[in-house]
Amino acid sequence: MNQSLTSSHWNFDLAEMTHTLRQRFGARVRLNEPLARHGTFGVGGPADAWLAIDNEGDLIDLVSLAAGARWPLMLVGNGTNLLYTDAGVRGIVVQNALSTWALTDLGDGTAQLVGGAGVNLPKLVNDLAAQGWGGLEWGAGVPGSLGGAVISNAGAHGSNLSDTLQSARILDTHNLETGPQVHDYPLAVLQMAYRDSRFRARRRVEFDNQGRPLPPPRALIEPAEIVTSVTCRLRREAPETLKARVAHYKQHRKETQPPQASAGSVFKNPPGDYSGRLIEAAGLKGKQIGKAQLSSRHANFIVNLGGARAADILALIALARATVRERFGVELELEIELRGETEAETP
């Protein structure tokens, strides 16, 4: 089955889809669910159907069911690095909630961690520190999931996930005629780079004629490669040392990042510079459009002051990119991702 399908004019029976989903997954299925509840920006229109899946078997079943019935399906994580459009998402939005993990002591001062893509990163960091296993402390206070950290090669304080990552387990939906296939990809083929990976390389952002980001063209099942679990190599270290490091990183985050709803850094840092510095030097720190603001604490954060719309955030992104390009000749590249339909594509 070919994955290609334009995002406009979805052709499926919504009543049939919701009935079948509820037969299979019961009360987990929520209809007309506001995506603003599922992203840290606190914006976004509704999903036709929303549910969380907490095991690989159910996820494979859902993908196969959606593919066979031609129901568009979008898989997401915790929504910490996403901006949902005001128009929402047609079809099914499923949260990857595979949240179990296990640790194997290898007896040589290292351990192997295998964790589901939905594992909460800050809680994992706290638990590992208490047990005396280091390597992921940079994730202290980072409100994301282990799978999301793979997608963007998340990191902080001079470290990245790729420093400890060994492999990722992937549900491949490229060829739906044979059904979803599960593969284990070693680090060497994951193409990890600064806030990048093979998964993001397939979802490059384009912009409209006003410089606002556009949601990437949708496929029937997206993403085509779904991270289900992650394997990392950790090192033995004194628990008190690790807990002190985690506490320091949390405090630094509290002191330097805005408290309002946001999705973290909006733009990647250009080589040899910082996006926040460039935006501030361009005179945009604190700039507000609607109820969205380029934070007065950190200019590379866009915050929701209460009641913002995705359109407000997109307008600030366009303004920051255009102004920094004009003033400094630097093209800011998005770190956050945009998901959903455009206004023109809604029924």
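Structure: see above.
Residues numbered from 1 in each chain as written. Predicted model: local features only at pLDDT ≥ 70, side-chain atom pairs only at ≥ 80, totals over all residues. Heavy atoms only, no water.

**Re the sheet that holds strand E19 (residues 302–304)**
Two modes of strand pairing occur in sheets, parallel and antiparallel, and in both the strands are linked by backbone hydrogen bonds. Across the sheet, three strands lie side by side as E17-E18-E19; this open sheet has antiparallel pairing. The sheet is open, and its two borders are formed by strand E17 (288–289) and E19, each paired with just one other strand. Here two bridges tie E17 to strand E18 (residues 292–294), and the two strands are oriented antiparallel to one another. Note that in E18 the partner of glutamine 288 across the bridge is glutamine 293. Along the sheet, helix H8 (residues 310–328) makes contact with E17, E18 and E19, crossing E18 at roughly 25°. (Pairing = 2+ DSSP bridges. Helix = DSSP H or I, 4+ residues; strand = E, 2+ residues; numbered from the N terminus. Contact = heavy atoms within 4.5 Å. Axes fitted to C-alpha atoms, helices over the stretch in contact; angles between N-to-C directions.)

**Thoughts on helix H1 (residues 14–25)**
With twelve residues, H1 extends 16 Å from end C-alpha to end C-alpha; this agrees with the ideal 16 Å at 1.5 Å per step. Next to the buried residues of H1 lie strand E1 (30–34), strand E2 (46–53), helix H2 (56–69) and strand E5 (89–96). Where H1 terminates, the next one or two residues include glycine 26, which has phi positive at roughly 65°. (Expected span 1.5 Å × (residues − 1).)

**Some words on the nonpolar core**
Soluble globular proteins tend to bury their nonpolar side chains together. Grouped together as the largest cluster of nonpolar side chains are 34 residues, with contacts concentrated most on Leu136, Leu161 and Val227. If you list the elements that add at least two residues to this core, you get strand E7 (110–116), helix H3 (121–131), helix H4 (146–152), strand E11 (165–172), strand E16 (225–236) and helix H6 (239–256). Look past the residues within four positions of leucine 136 in its chain and what remains in contact with it is Leu113, Leu124, Val125, Leu128, Leu161, Thr164 and Leu234. In this structure, Val43, Leu294, Ala310 and Ile317 belong to the second largest nonpolar core, which totals 26 residues. (Core = buried A, V, L, I, M, F, W, Y, C linked by side-chain atoms within 4.5 Å. Buried < 20%, exposed > 50% of the residue type's maximum accessible area, 1.4 Å probe, protein only.)

**Digging into unusual backbone geometry**
Excluding glycine, residues mostly carry a negative phi; peptide bonds, for their part, are mostly trans. Between glutamate 222 and the following residue, proline 223, the backbone shows a cis peptide bond with an omega angle of -5°. Relative to the elements of secondary structure, proline 223 occurs in the loop between strand E15 (221–222) and E16. For asparagine 153, which is not a glycine, the phi torsion comes out positive at approximately 45°. As for its position among the elements, asparagine 153 is in the loop between H4 and strand E9 (155–156). Given a relative accessible area of 2%, asparagine 153 falls into the buried group.

**Side note on the pattern of salt bridges**
Applying the stated rule across the entire model yields 29 salt bridges. A salt bridge links glutamate 33 to arginine 30; its shortest N-O distance comes to 3.1 Å. In the salt-bridge network here, residues are joined through shared partners; they are Arg24, Arg28, Asp58 and Asp61. (Salt bridge = Lys/Arg side-chain N within 4 Å of Asp/Glu carboxyl O.)

**Let's talk about the packing of H1 against H2**
In contact at an axis separation of 12 Å, H1 and H2 are set at 160° when each is read in the N-to-C sense. Viewed along their axes, H1 and H2 adopt a mutual orientation that is roughly antiparallel. Once H1 is placed against H2, the crossing between them reads as right-handed. On H2, the residues that touch Thr20, Leu21, Arg24 and Phe25 of H1 are Asp58, Asp61, Leu62 and Leu65. (Parallel < 35°, antiparallel > 145°, perpendicular 65-115°, else oblique. Left-handed = near helix turned anticlockwise from the far one by under 90°.)

What is shown is where atoms sit, not what they do.
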